[in-house]
Amino acid sequence: MSAEEVKKVVLDIIADVAPDEEVSDINPAESLRDQLDLDSMDFLDIVMELRKRHSVEVPSEDYPKLATLNSCVEYLTPKM
Amino acid sequence: MKYDAIVIGAGMSGLAAGIRMAMFGKKVCVLEKHTIAGGLNSYYQRRIKETKEIAQFDVGLHALTNFATKGERRKPLTKMLKQLRIGYDEFELCPQSYSLIDFPGKQLRFNNDFELLKNEVYEKFPSEIDSFNKLVEKINNYNELDLNATYISSREVLNSILHNSLLVEMLLAPLLIYGSAWEKDMDFNQFVIMFKSIYMEGFSRPKGGVRTIIDKLIARFKEEGGELKFRCGVEEILLKDNKAIGVRTTKGEELFAPRVFSSAGLPETMELAKKEVNAAVGKMTFMEAIALTERKPTKSEFDATIVFHNSLEQYHYEGAKDFFDSRSAVVCCPDNYEMDNRDGHGCFRVTFMANYEKFKALDRSAYLEKKEEAFEQAMGIVKKLAPQYEFRTVLKDIFTPTTVERYTWKKHGTVYGSPDKIRNGKTDVDGLYIIGTDQGFLGIVGAILSGISLGNLYGLMESE
Ligand SMILES: Cc1cc2nc3c(=O)[nH]c(=O)nc-3n(C[C@H](O)[C@H](O)[C@H](O)COP(=O)(O)OP(=O)(O)OC[C@H]3O[C@@H](n4cnc5c(N)ncnc54)[C@H](O)[C@@H]3O)c2cc1C
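Everything quoted here is computed from the prediction, not taken from an experiment. Residue positions are counted from 1 within each chain, in the order its sequence is given. Here chains are named by letter from A upward and ligands by number from 1 upward, in the order in which they appear as written. Since the coordinates come from a predicted model, pLDDT governs what is reported: local features require at least 70, and pairs of side-chain atoms require 80 or more to be given and counted, while whole-chain, interface and lining totals use all residues. With hydrogens and water set aside, each side-chain value is computed from the structure's full complement of heavy atoms.

Quick look at the side chain of Thr269(B) now. Residues and elements named next belong to chain B. Put simply, DSSP H or I for four residues or longer makes a helix, DSSP E for two residues or longer makes a strand, and each gets a number counted from the N terminus. Position of Thr269 relative to the elements: it lies in helix α9 (residues 266-272). Throughout, exposure labels follow a simple rule: accessible area from a 1.4 Å probe, protein chains only, divided by the maximum for the residue type, with under 20% read as buried, over 50% as exposed, and the rest as partly exposed. Residue Thr269 is classed as buried on the basis of its relative accessible area, which comes to 0%. Two N or O atoms form a polar contact when they lie within 3.5 Å of each other; inside protein one atom must be a possible hydrogen donor and the other a possible acceptor, and for residues adjacent in sequence the pair counts only when both atoms belong to side chains. Here the side chain of Thr269 touches Ser262 through a polar contact of 2.7 Å, side chain to side chain. Ignoring sequence-local partners within four residues, the contact set of Thr269 consists of Ile237, Ser262, Ala264, Leu432 and Ile434. Only heavy atoms enter the contact rule, under which two residues are in contact if any of them lie within 4.5 Å.

For the rest of this paragraph, the subject is the packing of aromatic side chains. Residues and elements named next belong to chain B. Pairing of aromatic rings covers Phe, Tyr and the six-membered ring of Trp, with a centre-to-centre limit of 6.5 Å; geometry is then stacked below 30 degrees between planes, edge-to-face above 60, and tilted otherwise. As enumerated under the stated definition, the model contains 25 aromatic pairs over all chains in all. With 5.8 Å between their ring centres and 70° between their planes, Phe110 and Phe203 make a pair best called edge-to-face. Placement of the pair is Phe110 in strand β7 (residues 106-110) and Phe203 in the loop between α7 (188-201) and β8 (204-206), with a sequence separation of 93 residues. Relative accessible area serves as the criterion here: at 0%, Phe110 is assigned to the buried category. A ring pair is formed by Tyr142 and Phe188, whose centres lie 5.0 Å apart and whose planes are at 90°; its orientation type is edge-to-face. Remark: Phe188 occurs in helix α7 and Tyr142 occurs in the loop between α4 (129-140) and α5 (154-161); sequence separation between them is 46 residues. On the accessibility criterion, Phe188 (1% relative accessible area) is buried. Here a set of aromatic residues connected by ring pairs shows up, and it is made of Phe110, Phe114, Phe132, Tyr142, Tyr178, Phe188, Phe191, Phe195, Tyr199, Phe203 and Phe308. Placement of a positive charge over a ring is assigned whenever Lys NZ or Arg CZ falls within 6 Å of the ring centre and within 35 degrees of the normal to the ring plane. Cation over ring: Lys106 sits above Phe125, and NZ or CZ is 5.2 Å from the ring centre.

On the side of chain A, 20 residues touch chain B, which itself brings 19 residues to the contact. When a carboxyl oxygen of Asp or Glu is within 4 Å of a side-chain nitrogen of Lys or Arg, the pair counts as a salt bridge. Counting across the chain B and chain A interface gives seven salt bridges. A salt bridge links Asp39(A) to Lys79(B), with the shortest nitrogen-to-oxygen separation between them at 3.3 Å. Connecting chain B to chain A are twelve residue pairs in polar contact (both at pLDDT 80 or more). Of all elements in the fold, only α1 (12-23), α2 (76-84) and α13 (443-461) of chain B reach the threshold of two or more residues within the side of chain B that touches chain A. In this classification, Asp, Glu, Lys and Arg are treated as charged, Ala, Val, Leu, Ile, Met, Phe, Trp, Tyr, Cys and Pro as nonpolar, and every other residue, Gly included, as polar. Partitioning the side of chain B that touches chain A into residue classes produces five nonpolar, four polar and ten charged.

Let's shift gears to the site of the ligand. All names here are of chain B. Taken together, 34 residues lie near the ligand, and Ser13, Glu32, His62, Ala63 and Ile444 sit nearest. Measuring from an oxygen atom of the ligand, one finds a side-chain N or O atom of Thr437 at 2.8 Å. Take Ile444: an N or O atom from its main chain is 2.7 Å from an oxygen atom of the ligand. To be clear on the numbers: accessible area is Shrake-Rupley with a 1.4 Å probe, and residue cover counts the displayed protein chains and nothing else. The protein chains hide 96% of the 1000 Å² of surface that the ligand would expose on its own. Counting only elements with at least two residues in the shell around the ligand, the list comes to α1, α12 (401-408) and α13. Take the shell around the ligand: its biggest share by element is three residues, from α13. Residue composition of the shell around the ligand, grouped by class: 17 nonpolar, 14 polar and three charged. There are two domains that each give the shell around the ligand at least three residues, and those are domain 1 (1-94 + 207-281 + 418-464) and domain 3 (285-408). The cutoff for a nearby residue is simple: one of its non-hydrogen atoms must lie within 4 Å of the molecule or strand. The domain limits used here are those given by an automatic or database domain assignment.

All names here are of chain B. Here α12 lies mainly inside the structure; six of its eight residues are buried. Those residues of α12 not exposed but buried are Pro401, Thr402, Thr403, Val404, Glu405 and Thr408. Contacts from the buried residues of α12 go to β14 (285-293), β17 (346-354), α10 (356-360), α11 (364-385) and β18 (393-399). Just downstream of α12, Trp409 is the residue with a positive phi angle, here 60°.

Attention now goes to the domain arrangement of chain B. All names here are of chain B. For chain B, the assigned domains read domain 1 (1-94 + 207-281 + 418-464), domain 2 (97-201) and domain 3 (285-408). Computed from C-alpha atoms alone, the centre-to-centre distance between domain 2 and domain 3 is 24 Å. Residue-level contacts link 21 residues of domain 2 with 21 residues of domain 3. Buried area, as used here, totals the accessible surface that two parts lose on assembly, with accessibility defined by a 1.4 Å probe and the loss added over both. Taken together, both faces of the contact between domain 2 and domain 3 bury some 1900 Å²; the carbon and sulfur share is 56%. Remark: the boundary between domain 2 and domain 3 carries one salt bridge. For Lys184, the salt bridge goes to Glu318, with nearest N and O atoms at 3.3 Å. The tally of links between domain 2 and domain 3 comes to 17 residue pairs in polar contact (both at pLDDT 80 or more). Those elements that place two or more of their residues in the side of domain 2 that touches domain 3 are β6 (99-103) and α6 (165-177). Top contributing element to the side of domain 2 that touches domain 3 by residue count: α6, with six residues.

The next subject is the pattern of salt bridges. For the coordinates displayed, the defined rule picks out 43 salt bridges over all chains. Residue Arg53(A) is joined to Glu49(A) by a salt bridge in which the shortest nitrogen-to-oxygen separation is 2.9 Å. One end of the pair, Arg53(A), and the other, Glu49(A), are both in helix α3 (residues 40-54), four residues apart, so they sit about a helical turn from each other. Residue Arg53(A) is classed as partly exposed on the basis of its relative accessible area, which comes to 34%. Residue Glu49(A) is classed as buried on the basis of its relative accessible area, which comes to 2%. Note that Arg46(B) and Asp397(B) form a salt bridge whose closest N and O atoms lie 3.3 Å from each other. With Arg46(B) in strand β3 (residues 43-47) and Asp397(B) in strand β18, this residue pair connects regions lying 351 residues apart in the sequence. By relative accessible area, which is 38% here, Arg46(B) ends up partly exposed. Several salt bridges converge on common partners, so that one network encompasses Asp16(A), Asp45(A), Glu49(A), Arg53(A), Arg20(B) and Arg85(B).

Right, let's get into the side chain of Glu268(B). Mapped onto the elements, Glu268(B) comes out in helix α9. Only four residue types enter the charge count, namely Lys and Arg as positive and Asp and Glu as negative; His and the chain termini do not. Buried Glu268(B), no salt bridge; nearest opposite-charge side chain is Lys410(B), N-O distance 5.9 Å.

Right under this line is the structure:
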């Protein structure tokens, strides 16, 4: 998948996990947690959705790599 | 049959745990002994004789606690909806008008804006302003969700901060009766949870009552591919080398799974697993008198949503010594949730603390007589609170602790479960987890969050 496609995958998942959030306004360099109402339960959901939809495994020690939209793309692109 | 997880009970916690696990591809089966879902907060119907109309009743629902507005951040209600992927609008929540803590000579009002309660305390207990603020600050900074927390007496904490014992009693009353498994006092963690969910967040009611919530939970569970069986009680939890391996149902079927989540209660569950457990059966149980009246009260006749009425300066929260204890009562008028429609019948629900053993010992006719007596006393309280409201009852219904026992299989009809809670949900049996009431989170929102958290923890994260 291209970086652009991975970005879309992540945004689609966030939109499903947190339906009340406006994903089009996300600043890709800024922490997702600070911009959106996401807590550890929601991050679990993002990880679970990545596995369910795209068979990508994110071990818990790698959760910090999902901090911003940019870091998500950087971390996930080689895996997808 | 082989599953990834079996859930005992289709109440709030069981359905929520089931949804979470099914959402991520686990094969889950929820087993319910009753013919319908909901457990302690279910529904039923009765026919009104004179008009032949069918009236819908909720078993429990006075209030959905933890009110939040749409999109409000970091709130338990918002979290719960998000985790279950249920849209905020789907429950059509109607907020309360206000509720009242009614003690002799003193009243405190609160609604879904914490400022009201604060101002009421400032006005009625002016010497307690600073101490009350200190209490609020302590509550705001408290980590009440720590799964390893141990029991701390709320009365001790409150008495160390507040000076006026009447204020202590008044603040405790609603929180005790809406969620304490302990008599007289409650765990401070639980106090903080309840303080936030009742005073800081507030009450609402889903349009259509509790059935709106139950139907939505069932629909979500089925959408995710979950299996739900009614009239299918668990008779035994099957173990091998002290590990849960499945269950045998009342139909004689054996179902297998490496994980069993039980919302049947801690003593009840351990009995199903044929294990000794050091957990007391909770003493707190209630009876309720429900009156459908010919018409709803007007605003000037009665406009409170819930009244926590107490006729003494001290609040006696304990298993009733007599059949029921009419020194205090909770009076709920579901018509006083914000609703446009003022037509149709009115409704009053009056709850008393009650005594299971006493009701259990009665024969049929004495039982009916006792219920009648409770109903009359309950209506006496309604008349006192709403003296202008002249009403005629078109249908009455009364349930007692034995009713609760009969439909939920909770020992002694206990409503808030055992006073011995298992915060991390783990039992002495591997793979057997306690969810809902006896895990320590209760009420509708609490039980749902309990199912979600433990489903996540033991069904999704640890099972990898
Ligand atoms: C009268 C009353 C009023 C209440 N009012 C409110 C209120 O206004 N607001 C609020 O938030 N909360 C209220 N509550 C509390 C709330 O209903 C409960 O805290 C909550 O529903 C508990 O959910 P649970 O999943 O823990 O347990 P339960 O609802 O008890 O679910 C357990 C389920 O397991 C089933 N079961 C038991 N044994 C077996 C077995 N062996 N095999 C299969 N199934 C079994 C039961 O039938 C039941 O469906 C009220 C409760 C009552 C009784």
